[in-house]
Amino acid sequence: MSRGFDSSFGPPSQLINVADFLQHANSAVLSGSFTNASWEQLTPEHRNVVEAEINESISDLKSSLEQVWDNPVLSAHVLRQHESTVASVRGQADAPVPKGRKRKRHVAPEGSESSPEALQLQEKLDAVNLRCWRLTMESALCMRAAKNSDYNALDAPKKMGTGVLRTLDHGDVGATRSSTPDSLRSTSPDAISCPNAVISLTVYNRISHLPSFLTRSTQHAVLSTQTLGDLLRVLPCASSNMPVEKLDAEGDVSGYNVTNQTGEHAGCLFCIEDLIYGDGRETADYAEKLIDHIQKSPEDKRPKIKKASTSVSETTFNALTLRIHQPYWILHQGNCEHFFVIDQIRLAHASDPPSDYPLMLHLAPTVQDLCRACGKVPAVHSIVGDMRLGESPCLLCAPCWRTMGPPKNNEGVMVVPLVIPFINQ
C-alpha cells in the first residue's frame, strides 16, 4: 500500500500558462499589489505592537520546546509515549495473520510516569484541543520505514548546465538573460525585462520488478527560458549511458566501447497536456512514430493526443501550459520511460544560485549489485564466458578482476562494463 501512495499524484492544479504567470506576477511585484493593504493601513506604533506580540509568542514556543528536549526525563517520556502510540496504532490496523498469529511488537516499558515533571507535561499535552494532535488508526496508512528514494546522495544542489538566472530588479531591467535560442526570444521590451521563473520538478522511474509502481529518482530546478531538451540532458539514466557495441566481421558482438555512449544518438519525446514534443529529426521522429503506433489501436481506445509544432530542443518551459502535481511522460532510447511532476512554479529570487541551471536538488542513491567474489564491493564488470567462474555472466568488482587476471585462452571471454547511471560533471 505504501508503494501505491508513492505512485499516486494529485489532485492536479488548474492549467498554468507559464508566460502569463510571469507577466502577471511581474506586474504585481512592480505595482506593489503583493503587499497587504490592511497591514499598510496600520500606524507604525500599531505595527510595532503586533510584531512584538508575534515575536513573544514564537519565543515562548521555542523556550518551551527547548525546556522539554534539554531535560532527559521529559524528552525520554515524550519519545516513549510516541513509540507506544505508534505501536498501538499499527497493532490495531494490522490485518489478522494466518493461523491466528499476530506480529509481536515491542511495548515501551513504564518508567518516567512516576516523575512529577512527566505527569505535569502529560497533562499539558492532553489539554491540547487540536484534533490532528493524536494519531488515529488511519494514520497507519501513512507510516512506513525510510526507503532508498527518501535519502539524498547530494549534500548540496549540483550545477548541471549553463543557464543564467535573471531576477526582477526595479532599477536594472537589462540584466543578463538565460541562454535561450534566438528564435525563441521575444523582441518586445516587456519580454526583455521579464525575469526567469524557477520551476521545481521531480522525476520518477518505474520499479523494475514492479513496473506498475514508480519511485522517485531525482529532483531538479530549471529556468522557464530553458528547453525540454535541457532537462533531458541532465537526467541520470542507464539507457543514456549504454556503451556502444563492437561488432566483428561476422556481425557478432565482440566487445563494448566505453568512451562512446548511446545517449547522444537516440530519439526522445515529451507528452505534456496531450501534446507530443518530438526530437525534431528530419525523418520520422519519435512523436510521429508514437502517433502512428496509436492509430493501430481501436478508435474508442485511442488517447486524444497530437504532435506539437515545436520539438524538444525548441520548446522552452515558458511556452508551456502546465499543471502542478500532474505527471507528464518522457520516452527515449526506444522504451525507456520517465515521469516528471511539477512541484512549484515561482518567480526567481535574489537568493537563488545565479547560474549553471538546471540544478539537481535531489538524487536517490544508486543501488548496485555486489561483487560475486568478495561480496563487499559493488560490481563494475560483467564477465561472460570465463570457465573459471561459477556462472556466466558473473559480476565482479575491479580489484577482484585484477587479481584474477584474464584467462590464458581469452577466446570467447568478454568483459562487459556495467552501466551505472551517473551525473555528468
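Structural notes, computed from the coordinates. All residue numbers here refer to positions counted from 1 along the written sequence of the relevant chain. Given that this is a predicted model, residues contribute local features only at a pLDDT of at least 70 and side-chain atom pairs are listed and counted only at 80 or more, while totals for whole chains, interfaces and linings are drawn from all residues. For the side-chain quantities, the full set of heavy atoms in the structure was used; hydrogens and water were omitted.

**A word on the nonpolar core**
Of all hydrophobic cores here, the largest spans 24 residues; its most connected members are Phe270, Ile272, Phe317, Leu322, Phe340 and Ile342. The helix and strand labels rest on DSSP assignments: H or I over at least four residues marks a helix, E over at least two residues marks a strand, and numbering proceeds from the N terminus. Counting residues per element, the ones that place at least two in this core are strand E3 (197–207), helix H8 (228–233), strand E7 (268–272), strand E11 (327–332) and strand E12 (336–347). Leu214, Ala287, Trp329 and Val341 belong to the second-largest nonpolar core, a separate cluster that totals 13 residues. For our purposes a nonpolar core is just a set of buried Ala, Val, Leu, Ile, Met, Phe, Trp, Tyr and Cys residues, chained together by side-chain atoms within 4.5 Å. Any residue under 20% of the maximum accessible area for its type is buried, any over 50% is exposed, and the rest in between are partly exposed; the area is computed with a 1.4 Å probe on protein chains only.

**Looking at helix H2 (residues 18–31)**
Here, expected helix span is obtained from the residue count minus one, scaled by 1.5 Å. With 14 residues, H2 should cover 20 Å at 1.5 Å per step; its first-to-last C-alpha distance of 20 Å lies within 8% of that length. For H2, the complete set of buried residues consists of Val18, Leu22, Ala25, Asn26 and Ala28. Down the axis of H2, the smallest arc covering the buried residues is 160°, so these residues share one side. In H2, the exposed positions that point more than 90 degrees away from the buried face belong to Gln23, His24, Leu30 and Ser31. Buried positions along H2 lie against strand E1 (16–17), E3, strand E10 (321–322) and E12. Pairing of N or O atoms within 3.5 Å defines a polar contact, subject to two protein rules: one partner must be a possible hydrogen donor and the other a possible acceptor, and residues neighboring in sequence count only if both atoms are side-chain atoms. Among the residues of H2, the N-terminal cap falls to Asn17, whose side-chain oxygen and the backbone nitrogen of Ala19 are separated by 3.1 Å. The arc in question is formed by the directions pointing from the helix axis toward the C-beta atoms. In this description, contact between two residues means that some pair of their heavy atoms is separated by no more than 4.5 Å.

**So, the sheet that holds strand E15 (residues 394–396)**
One open sheet accounts for three strands, arranged E15-E14-E16; its pairing is antiparallel. Of all the strands in the sheet, the pair left with one neighbour each is E15 and strand E16 (414–417). Along the sheet, successive strands turn relative to each other by an average axial angle of 30°, direction set aside. Any two strands are treated as partners once DSSP identifies two or more bridges connecting them. Taken together, the three bridges between strand E14 (residues 381–384) and E15 define a ladder with antiparallel strand orientation. Residue His381 lies in a different strand from E15, and its bridge partner there is Leu396. Axes here mean lines fitted to C-alpha atoms, for a helix over just the part in contact, with angles spanning 0 to 180 degrees between N-to-C directions.

**Quick notes on the sheet that holds E7**
Spatial strand order, E2-E13-E4-E3-E12-E11-E7-E8-E9: nine strands in an open sheet with mixed pairing. Whereas interior strands pair on both sides, the edge strands pair on one side only; in this sheet they are strand E2 (158–163) and strand E9 (306–307). For strand E8 (residues 275–277) and E9, the ladder comprises two bridges, and the chain directions are parallel. For Leu275, the partnering residue across the bridge sits in E9 and is Lys306.

**Remarks on unusual backbone geometry**
With omega at 0°, the peptide bond leading from Tyr357 into Pro358 counts as cis. Structurally, Pro358 is set in strand E13 (residues 357–363). Following Ser392, the chain continues into Pro393 via a peptide bond in cis, with omega recorded as 0°. Its identity as a non-glycine residue notwithstanding, His325 has a phi of 65°, on the positive side. On the secondary structure map, His325 appears in the loop between E10 and E11. Classification of His325 by relative accessible area gives partly exposed; the value is 38%. Notably, Gln333 is not glycine yet its phi reads approximately 55°, a positive angle. Inspection of the secondary structure puts Gln333 in the loop between E11 and E12.

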